[in-house]
Structure formats: structure tokens, C-alpha cells
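# Residue-level structure breakdown
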Amino acid sequence: MYDVVIVGAGPAGASTAYVLENSGYKIALLDKEQFPRTKPCAGVIPPKVYSELEIPDNIMERPLEGYRIFSPSGAMVQSSFPTRGLIVRRERFDNFLIKRLKNQPKRIRVSRYEIKKEFVEVGGKGGSFRTNLVVGADGVNSVVRKISGINDCGKNRSSDMAVAMQYEISLSKERVDDMIGNWFEVYYSIPYGYAWISPLKDAVKLGVGGLSPSFKKNCKKNLDEFLKRKDIKEKISDGKIVRTEAHLIPMRGPFDILTADRTILVGDAGGFVFPGTGEGIFYAMKSGRIAAEVIIQAIKEQRFELKFLGTSYTEKLKKNGLTSLRKVDFVERVLSSPEKAEKYLKRLKLFS
Ligand SMILES: Cc1cc2nc3c(=O)[nH]c(=O)nc-3n(C[C@H](O)[C@H](O)[C@H](O)COP(=O)(O)OP(=O)(O)OC[C@H]3O[C@@H](n4cnc5c(N)ncnc54)[C@H](O)[C@@H]3O)c2cc1C
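Residues numbered from 1 in each chain as written. Predicted model: local features only at pLDDT ≥ 70, side-chain atom pairs only at ≥ 80, totals over all residues.

### Things to note about the overall build of the protein
Counting secondary structure elements, the protein contains twelve helices and 16 strands. Its C-alpha atoms give the protein a radius of gyration of 20 Å, within 12% of the compact-globule value 20 Å for 352 residues. Its C-alpha atoms give the protein principal-axis dimensions of roughly 60 × 40 × 35 Å. Expressed as a percentage of its 352 residues, the buried residues of the protein come to 46%. Within the protein, contacts between residues at least 6 apart in sequence are counted, and of these 70% link residues at least 24 apart. (Helix = DSSP H or I, 4+ residues; strand = E, 2+ residues; numbered from the N terminus. Rg over C-alpha atoms; globule rule 2.2 N^0.38 Å. Buried ≥ 20, exposed ≤ 12 C-beta atoms within 10 Å, placed from the backbone. Contact = placed C-beta atoms within 7 Å.)

Here's what the structure looks like:
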């Protein structure tokens, strides 16, 4: 019998586990993958994460100075971070978060979840675990969200999910230095979405993401068209595509319903991403730590029912500003048309 079983060992699950095991609780961390494992991502770690963690230099692909944002007409706004951010490869960064833990992930693809009066039984091929509480940290396609029934309540709609696709393109370090440097480039050139170039040591991640049904149908075509643009081609000429990745990003902020009896969702499983930019690592880690605080209180008071978990989680998320992510309407205000994106960047330029 465990105090808590955490399904998914990405940034959300690893952060939840870190707080709980350091508070003395008996936890099991389950993941379907063997670590180190990769996750489709541009690898941008903002200063707010970098300043909270002592990230060793060998995890860093590049230090990050800030963003360069390009309007549909090609105007550019440079926005510097107040302090350093960094670019990482997720296989290394996520593995670094795991290595800080006493409980290493057990390799199990969770497919079963059965709620009993005194406990939940959760597991899959390879093992079953009895626990007081389950944390769904299993990413955007969360199985915990589906099998616990949370998916059937609220408005967790597929139209809120952006589809993203990116190429990893190998380039010499000198070429990346010259053409992109230590800047994350964002292109507002796709209605209801955007394109990006993220610089690694000797490669770039070049991707597109969008919410509209027509974009989703033609995601790869949009990516190839972006790659063929004259200005982009110039930046990455001589490059070779070495990897293609695709994944979903929740783009409308945290879902309405985030808890069930004995169950809490964190990270992408709960939709904790900054709408519009797709930034999720910081919010995954933060929602994980907040959920851990709720769990500690729940175990102390032996209150595992939906009402207690729901109220306490919502209160703490609100206090930490995470529910306000739902109100960010960046997609409609800025990304919905080239004209709006152009206007927004002109305004930004005035103030930068
Ligand atoms: C193309 C792309 C680019 C992005 N770029 C950035 C960026 O530059 N910066 C940023 O901050 N965010 C970025 N994001 C978002 C970011 O990747 C996510 O918000 C973040 O990974 C969420 O962390 P998580 O721990 O919630 O989920 P994940 O990192 O997805 O981890 C979930 C874990 O659960 C495991 N799992 C899944 N199902 C099961 C199961 N049934 N049983 C057991 N284990 C399971 C998986 O193996 C995985 O290890 C990007 C997303 C995409 C798609």
C-alpha cells in the first residue's frame, strides 16, 4: 500500500515526487518509458525555472538570451530575458530531474484504474499498486484523465489542443551561432498558431503548431512550406533533417475539472500550459509542487474525496496564479489573423 502513486515521470511527475518523498511519504513513480527518454519539445527553459534549480552546465545545449519574434511581414522584435534562460534536450533535462529522486521510475504502462472504498488500484502489464491517491502526470493524452472519468466532465475539448510538428536539423555550431545565436525565434506566420526555430549546440529544432482544423489536417505540409521560405532556407542551408517529431499541446489553459475521488491531474494531463506560446515545463513543475502540498494536507486529514481535493487544489492554484492561465486569450487576440499579429508586434516594438 502506497501513500501516492504518480503516473508519468516527466517534469510534472518528477516535481510532485520530489516534494512528496522529501516529506517522507511512500510513493511509486510509474512511466511507460525507460529513462532517459525523449519528448517532442523545443527545449526552452525560461529564467524562472533556471533560477529555481541548480542545473549543471552539461544539461545545457545553449544559454538563452530571449525571444526574437517575427511578424507576418518580417518585422522583428527582440525581447531579452532579465536573467539567463537555457535550451535543453529533453532527454537530458528530464533525466536530470529523475536523478534527483530517491524513488526511480518503475517501467509500467498504466492502463487500469479501479477505485475501491479504502484505496485505488492502479497498474498495467507488469504490476499493480494499491494507493490512497493517484497523480495523473502522464502528459497531454493522459490515460489517468480518461480512466478516472475526469475526461467525461467539464470542457476538455480536442479543439483546445494544438497539433505541433518539428524537425531536428543538424547544422554546424558555427552556422547556428551566425544565423540564430542564443535566441528562440518565433514566427507569427500561421493563423491560430506559429512557427519556431530553437537553437541547439549543433542543430536546430524547427517546428510549427496550430489550433485550426485546416492547419491540423495539413500539419506536415505547413512545416515543409515554412522550411522552404527564402529567409528560413538561408538560415539553415546545408542542414540535414535527422528527426521528425509530432505531439499535442493544450492551448487553452488548465481544464475545468482537475480532480476526482483519490485523483489529481498535473502538468499537460491537466492542461497546464501557457496559452498561445505553448510553454509548459514551468507550469508542469509548478502544478506538480502545488498538487503535492494538497496531497500532504489530504493525507494528514485522511480526506481523499473529490470535494476536498477539488476545493483545496483550486484554492492553491488560484493563489499561485495558475487558474489565470485559463483567461489568457492570446490565440484570439494575436494569433488569429496576420493583421492582428502585425499590430501586436508593432505595439511591442514601440515599448521594447
Ligand atoms: C513540439 C513541442 C514543443 C514544445 N516546446 C516547449 C518549450 O520549448 N518549452 C516549454 O516549456 N514547453 C514546451 N512544450 C510543452 C512541454 O513539452 C510540456 O508542457 C511538458 O512536457 C509537460 O510536462 P509533463 O510532465 O506534464 O508531461 P510529459 O513531459 O509529456 O511527461 C509525461 C510522462 O508520462 C508518461 N506516460 C504517458 N502515458 C503513460 C501511461 N499510460 N503509463 C505510464 N506513463 C505514461 C510518458 O512516458 C512521459 O514520460 C512543447 C511541446 C511540444 C509538443
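### A short note on the site of the ligand
Taken together, 39 residues form the shell around the ligand, and within it Gly8, Gly10, Gly139, Gly267 and Gly280 come nearest. If you list the elements that add at least two residues to the shell around the ligand, you get α1 (11-22), β2 (27-31), β7 (109-115), β10 (161-170), β14 (240-250) and α9 (281-301). Tallied by class, the residues present in the shell around the ligand amount to 19 nonpolar, eleven polar and nine charged. When residues of the shell around the ligand are assigned to domains, at least three map to each of domain 1 (2-38 + 91-156 + 255-321) and domain 2 (44-88 + 157-252 + 348-352). (Near = placed C-beta within 6 Å. Nonpolar A, V, L, I, M, F, W, Y, C, P; charged D, E, K, R; others polar. Domains from an automatic or database assignment.)

### Description of the pairing of strand β4 (residues 60-70)
With nine bridges connecting them, β4 and strand β5 (residues 76-88) associate as antiparallel partners. Among the inter-strand pairings, tyrosine 67 is bridged to a residue of β5, identified as serine 79. The turn linking β4 back onto β5 is made up of five residues, and glycine 74 within it adopts a positive phi angle of 105°. Pairing of β4 with strand β11 (residues 183-190) involves five bridges; the strand directions are parallel. Paired with isoleucine 69 across the two strands is valine 186, which belongs to β11. (Pairing = 2+ DSSP bridges.)

### Structural notes on the domain arrangement of the protein
The assigned domain composition of the protein is domain 1 (2-38 + 91-156 + 255-321) and domain 2 (44-88 + 157-252 + 348-352). Between domain 1 and domain 2, the C-alpha centre-to-centre distance is 28 Å. Taken together, the 16 residues of domain 1 in the interface contact 18 residues of domain 2. Secondary-structure elements contributing two or more residues to the side of domain 1 that touches domain 2 are α3 (90-99) and α9. Residues belonging to the side of domain 1 that touches domain 2 are distributed by class as follows: eight nonpolar, four polar and four charged.

### Concerning helix α7 (residues 219-228)
Side chains three or four residues apart in an α-helix point the same way, a direct result of the helix having 3.6 residues per turn. Buried residues of α7: Asn222, Leu223 and Phe226, and no others. On an axial view of α7, the arc spanned by its buried residues comes to 100°, and they lie on one face. Seen from the open side of α7, the exposed residues pointing more than 90 degrees away from its buried face are Lys220, Lys221 and Lys228. Tucked inside the fold, the buried residues of α7 contact β10, β11, β12 (193-199), β13 (203-210), α6 (213-217) and α8 (230-236). (Arc of directions from axis to C-beta.)

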